[in-house]
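# Remarks on the overall topology
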Amino acid sequence: MASRATFVFPPFRLDAANEQLWRDSNLVGLRPKTFEVLLYLVQNAQRLVTKRELLASVWAGNSVSDELLRGYIRELRDALGDDAKKPRYIETVPTRGYRFLPSVNDESSFQTPPSKLKPAKTPRELRVGILHSLTGAMASTESPVVDATLLAIEEINERGGILGREIQPVVIDGASDERVFARQAAALIAETKVCAIFGCWTSASRKSVLPIVEQRDHLLIYPTQYEGMEQCSNIFYTGAAPNQQIIPAVNWTVGFLRKKRFFLVGWNSVYSRAANAIIRDEVEASGGEIVGEEYVLPDSTEVTRVVRTIGQTEPDLIFNSLVGDMNLFYTRLLRAAGITPEKIPTVYFSVGEIELLSLSAREIVGDYAAWNYFQSLDRPENHAFVKRFHSRYGRQRVVADTMEAGYLGVHLWAQAAHAADPDDVAAIRRALPNQSFEAPGGRVRIDAENQHTWKTMRLGRIGEGGQFEIMWSSEKPIRPEPYPASRSPAAWEELLNKLYNAWGGNWTKSQCAISQVDDHHSAE
């Protein structure tokens, strides 16, 4: 079928040339990518279109999760008035793909009488990039952040967009690889012409994108808690700085749990190395002791040795900065070795509601996590947020800290874009400082001095059902301080440079890299 034809399946008419869907004489609003999905299904009506085929056609060259595709199918069903259980238009073939059910007429010469047309003004869209891992070890953690980011964009578009212009998200896969993140960020800016990038999860991915946004004088809005030690005029940070997560958590374990002997577990990345240096400074300043510090790599057989070492040293508590799928293997080996929360509790810095879905209650209940946001927060704004998310993506889904940070980052950016020229990246950057927003986790605002976000810190205990009981809260937003006071900014930057150089110009140690920082003393 010709791609510029007009396809008719009463009462709908799909005008491929003008990218419009009509129901009788009424124009149906569809986002550009949603229209592409419908067009491909209509062009292949009454046959099974596999998920792989649909993704390859509409997202050629990019890896996109099945969950994202399901979201577009849900949008189409809403637009067509369809029912997934009793479909008239789009049938789901479980585990395989989709079938467009109606017979379709190709009427490329079809003309609608001008008197019946109701053309809508369609101002040029504002393209924004969403850059997260949809494949690889970080996909399970990062892809939900994409969903929360898209939810915020949809909310803004439903209210009329930015000065009447619809936000068009362009979702790109960082593939859990810092080098891919850098390439994709460059392409989003130079080729896709986005006016902002929302994304990155690991510090390695952010640090790889940082020189790209600096060189092109662009904008990255970063949603993850991190190690700090950074302040870039082209990046706004909506996750926690160290004094809003790591440092209060250490102080709480010393002051409230009365722990003195600590074991540090991380992965060989800039985040874990730097976070553990902060923890070491805080513990030693309080008179405590670090009895062990170990790092693992994804899929590493070293995990068994690390668990054995923990059992031998018998610390009072473990600080865990592992990320993504690494936590699943490690935690199960820990429990198999008889190391339970009752004997040696863990405080997690990168495990939230998403990661808990992969672990059983027996494995996790009684441990702790330090975040700014928990799904269990009893706030009207949070109840409304969770309800909207469940309505959009299903009640089986959970919401976690980085998802909330991704969501609020879009709203802060939109407020700045309203106040400035939406096409002028520099003007939006100037308008972002001091923007505030009543987020699900509490009121937040961008600090004008360091471009980090004022946030409330909370520490939760893992309970039955994969949710958190909040044990402590700062109650009020904490001013962000990206450089911990235990060392000078120059000393922190020296630590980071040593890691980067030791890993051959990377922010994560690869399996084959020869490390010069295996001993934590040399790293510090």
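Small disclaimer: the values here were computed from a predicted structure and weren't measured.

Attention now moves to the overall build of the chain. Along the backbone of the chain there are 17 helices and 23 strands. For 524 residues, the compact-globule estimate of 2.2 N^0.38 gives 24 Å, and the C-alpha radius of gyration of the chain, at 25 Å, lies within 12% of that figure. Taking the principal axes of its C-alpha atoms as reference, the chain extends roughly 80 × 50 × 45 Å. In the chain, buried positions account for 61% of the 524 residues. The long-range share in the chain, meaning contacts at least 24 apart out of those at least 6 apart in sequence, stands at 66%. By element, 48% of the accessible surface of the chain is carried by carbon and sulfur atoms, the whole surface being about 21,200 Å². One finds the centroid of the 59 positive side-chain charges in the chain at a distance of 4 Å from the centroid of its 64 negative side-chain charges.

A pair can form between side chains of opposite charge whenever their charged atoms are brought close. For the structure on display, the rule yields 26 salt bridges. One salt bridge connects Asp 177 with Arg 179, and the closest N-O pair in it is separated by 2.9 Å. Arg 379 is paired through a salt bridge with Glu 438; the nearest N and O atoms lie 2.9 Å apart. In this pair, Arg 379 sits in the loop between strand S18 (368-371) and helix H13 (380-393) while Glu 438 sits in strand S19 (residues 436-439), placing the two residues 59 residues apart along the sequence. Under the relative-accessibility criterion, Arg 379 is labelled buried at 18%. Because the salt bridges share partners, they merge into one network encompassing Arg 31, Glu 75, Glu 154 and Arg 392.

Compared with an ideal rise of 1.5 Å per residue, which puts 14 residues at 20 Å, helix H16 (residues 489-502) spans 20 Å between its outermost C-alpha atoms and is within 8% of the ideal. Taken together, the buried positions of H16 are occupied by Trp 492, Leu 495, Leu 496, Leu 499 and Ala 502. In an axial view of H16, the angular spread of the buried residues amounts to 135°, which keeps them on one side of the axis. Exposed and oriented more than 90 degrees from the buried face of H16 are Ala 490, Glu 494 and Asn 501. In the stretch just after H16, Gly 504 is the one whose phi turns positive, near 65°.

What follows deals with the packing of aromatic side chains. Any aromatic ring pair is given by two values, namely how distant the centres are and how the planes are angled relative to each other. With the rule as written, the count across this model stands at 18 aromatic pairs. Note on Tyr 226 and Tyr 237: the rings are 5.3 Å apart at their centroids and 10° apart in plane angle, and the pair reads as stacked. Placement of Tyr 226 in the loop between strand S12 (220-222) and strand S13 (235-237) and of Tyr 237 in strand S13 is noted, with a sequence separation of 11 residues between them. For the pair shown, Tyr 226 and Tyr 237 are each scored as buried. Relative to Tyr 368, the ring of Trp 252 lies with its centre 5.4 Å away and its plane at 65°, an arrangement referred to as edge-to-face. Pair noted here: Trp 252 is in helix H7 (residues 246-255) and Tyr 368 is in strand S18, with a separation of 116 residues, a long-range link. Residue classification places Trp 252 among the buried residues on the basis of a relative accessible area of 7%. The exposure class of Tyr 368 is buried, given its relative accessible area of 10%. In this structure, Arg 206 is placed above the aromatic ring of Tyr 222, and the distance from its NZ or CZ to the ring centre is 4.9 Å. Directly above the ring of Trp 507 sits Lys 207, whose terminal nitrogen or CZ lies 4.9 Å from the centroid.

Moving on, we get to the side chain of Lys 51. In this structure, Lys 51 sits in helix H2 (residues 51-58). Lys 51 sits in the buried class, given a relative accessible area of 17%. Other than its neighbours up to four places away in sequence, Lys 51 contacts Asp 66, Leu 69, Arg 70, Thr 95, Arg 96, Gly 97 and Tyr 98.

This brings us to the packing of helix H3 (residues 66-80) against helix H4 (residues 139-158). At a minimum axis separation of 11 Å, H3 and H4 run at an interaxial angle of 30°. With respect to H4, the axis of H3 lies roughly parallel. Considering how the two elements wind past one another, H3 and H4 form a crossing that is right-handed. Facing H3, whose interface residues are Glu 67, Leu 68 and Glu 75, H4 presents Val 146, Asp 147, Leu 150 and Glu 154.

Turning our eyes to something else, we now look at the nonpolar core. Counting 135 residues, the largest nonpolar core has Phe 9, Leu 14, Leu 41 and Trp 413 as its most contacted members. With sequence-adjacent residues up to four places away left out, Leu 41 is seen in contact with Val 49, Leu 54, Ile 73, Leu 76, Ile 90, Tyr 98 and Phe 100. Core analysis: the second largest hydrophobic core is formed by 22 residues, Ala 185, Leu 188, Val 194 and Leu 210 among them.

Rules and cut-offs
- Residues numbered from 1 in each chain as written.
- Predicted model: local features only at pLDDT ≥ 70, side-chain atom pairs only at ≥ 80, totals over all residues.
- Heavy atoms only, no water.
- Helix = DSSP H or I, 4+ residues; strand = E, 2+ residues; numbered from the N terminus.
- Rg over C-alpha atoms; globule rule 2.2 N^0.38 Å.
- Buried < 20%, exposed > 50% of the residue type's maximum accessible area, 1.4 Å probe, protein only.
- Contact = heavy atoms within 4.5 Å.
- Areas by Shrake-Rupley, 256 points an atom, 1.4 Å probe, with all protein chains shown as cover.
- Lys, Arg positive; Asp, Glu negative; His and termini not counted.
- Charge placed at Lys NZ, Arg CZ, Asp CG, Glu CD.
- Salt bridge = Lys/Arg side-chain N within 4 Å of Asp/Glu carboxyl O.
- Expected span 1.5 Å × (residues − 1).
- Arc of directions from axis to C-beta.
- Phe/Tyr/Trp six-rings, centres within 6.5 Å; stacked < 30°, edge-to-face > 60°.
- Lys NZ or Arg CZ within 6 Å of the ring centre and 35° of its normal.
- Axes fitted to C-alpha atoms, helices over the stretch in contact; angles between N-to-C directions.
- Parallel < 35°, antiparallel > 145°, perpendicular 65-115°, else oblique.
- Left-handed = near helix turned anticlockwise from the far one by under 90°.
- Core = buried A, V, L, I, M, F, W, Y, C linked by side-chain atoms within 4.5 Å.

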